[in-house]
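# Residue-level structure breakdown
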Amino acid sequence: LLRGGVVFNHVAELVAPWFVFGPRMARRAAGGVIVLFQGTLILSGNLSFLNWLTIVPALACFDDAVWAKIVPRALARRAEEAIATARPCRPQEAVAYAVAGVVAFLSINPVANMFSRQQIMNTSFEPLNLVNTYGAFGSVGQERLNVVFEGTDAEVPDNAAEWREYSFKGLPVDPAKMPPQVAPYQLRLDWQMWFAAMSSPSEYPWVFHLIWKLLHNDSNVLGLFASNPFPDHPPRHIRAVLYRYSFAKPENGQTWWNREKLGLWLPPLSADNPRLVRLLRRAGWLSSAEEPAPHPSR
C-alpha cells in the first residue's frame, strides 16, 4: 500500500501537471488525478487548508461539459446563454497574453532551479515575489520529532523536579491521546512547532518569547494550548524537551504513540534569567510593564 501510494504521488505531482496543458480528455484526466490525490491527503493527513487550496486551480481542468452535469440545471442554462451572447474583447485578450508572457519570463529561473542538483525551496527570484519556488517541504523526513514544553514549581529545575507538560491541541504530547482531525483549520502554533522540532531554537527565536509568556501565565498564549498545567500561578521554570514519536501497534490498547526522549531542546528558563531578558529586550518583545524588577544586589 505504501509503495503504491508513492507511485500515485509521483504520477500526480510529476506526470499529471504536464497534461493540464493538453487536449480536452488529457486535461480532464490530469484534473481527476490531481483532485483524487489531494482527496487522499485530506482523508489521511492534517495539512490544514493546503490540499483544498491545491484543488481550486485543478478545477479549471474540467470544462463546461463536465460542470453542466454537476451544477444545477438552471445555473448551467444561464452559463449557456452567457456563452451564446459573449463577444471577444481584444484588449482583454492582449492583457491576458501580456500577463502570460511576463509569468513565462519570470518562470525561467524557478524552472531551472527544479532541474538543479542544488534545488532550493521557498525562494523568490525577483523582488516582487510574483513567481517563485513554492513548497512546504524541501525534504520529507521519516521521523516525527516533537518539542514538548514543560514547567515546574521547583527551585532547582533538575530532573528530580516535578515537570508538568503543556499539551498542544493537535501535536502529540500524551501517548494515550488519539490524534485529532483539525484540517482544514490550521493550528498555527502546532504548525510552527512541527517545523521548529526539525530545527534549532536559534532558527525560531520567537519560541523564547512564547516561553516568557508561559512564565507569566499569559491568557492569549495559553489559549494556543489544549490545557494549562499551572492554572493558579505561573511556573518558576519552563524547559523544552525533544521527543521522537512513532505510532504504537494496534495491540497496545489505549496507547496511540510510542515516544523516546532525545534530550533538551531548550534548557530550563526562568522569568529572571538575564540572558532571556536580554534576548527579548534586543528583539523589542518586552514592554515597560513586562520588564523584570531590578535585583536588590544590582
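For the structure itself, consult the block above.
Residues numbered from 1 in each chain as written. Predicted model: local features only at pLDDT ≥ 70, side-chain atom pairs only at ≥ 80, totals over all residues. Heavy atoms only, no water.

On to the sheet that holds strand β4 (residues 164-165), then. Two pairing modes exist for strands in a sheet, parallel and antiparallel, and in both the strands are linked by backbone hydrogen bonds. Strand order in the open sheet formed by four strands is β4-β3-β5-β6, with antiparallel pairing between adjacent strands. Both outer strands of the open sheet, β4 and β6 (257-269), are each paired with one neighbouring strand and no more. Where strand β3 (residues 144-152) meets strand β5 (residues 237-247), nine bridges bridge the pair, whose relative direction is antiparallel. By the bridge assignment for β5, Val147 is matched with Leu242. Strand contacts of helix α9 (residues 206-214): β3, β5 and β6, with the helix running at about 85° to β6, the strand carrying the most contacts. (Pairing = 2+ DSSP bridges. Helix = DSSP H or I, 4+ residues; strand = E, 2+ residues; numbered from the N terminus. Contact = heavy atoms within 4.5 Å. Axes fitted to C-alpha atoms, helices over the stretch in contact; angles between N-to-C directions.)

Each aromatic ring pair is specified by the distance between its two centres and by the angle formed by the two planes. With the rule as written, the count across this model stands at 14 aromatic pairs. Plain terms: the ring middles of Tyr243 and Tyr245 are 6.2 Å apart, the flat faces sit at 65° to each other, and that makes the pair edge-to-face. Overall, the relative accessible area of 7% leaves Tyr243 in the buried class. Residue classification places Tyr245 among the buried positions, given a relative accessible area of 3%. On the numbers, 5.9 Å between centres and 85° between planes, the contact of Tyr245 with Trp257 is edge-to-face. With Tyr245 in strand β5 and Trp257 in strand β6, this pair connects stretches of sequence that are 12 residues apart. A residue is classified by how much of its surface remains accessible, and Trp257, at 6% relative accessible area, is buried. What links up through ring pairs into an aromatic cluster is the set Phe149, Tyr166, Phe168, Phe225 and Phe230. Above the ring of Trp163, the side-chain terminus of Arg239 is found at 4.1 Å from the ring centroid. The ring of Tyr243 carries Arg259 above its face, with NZ or CZ at 4.1 Å from the centroid. (Phe/Tyr/Trp six-rings, centres within 6.5 Å; stacked < 30°, edge-to-face > 60°. Buried < 20%, exposed > 50% of the residue type's maximum accessible area, 1.4 Å probe, protein only. Lys NZ or Arg CZ within 6 Å of the ring centre and 35° of its normal.)

Let us look at unusual backbone geometry. Cis geometry is adopted by the peptide bond preceding Pro184, which originates at Ala183 and carries an omega value of 5°. When you line up the elements, Pro184 lands in the loop between β4 and α8 (188-196). Notably, Ser48 is not glycine yet its phi reads approximately 50°, a positive angle. Phi at Asn129 is positive, roughly 60°, even though this residue is not glycine. Residue position: Asn129 is located in the loop between β1 (123-124) and β2 (132-133). Of the residues examined, Asn129 reaches a relative accessible area of 46% and is grouped as partly exposed.

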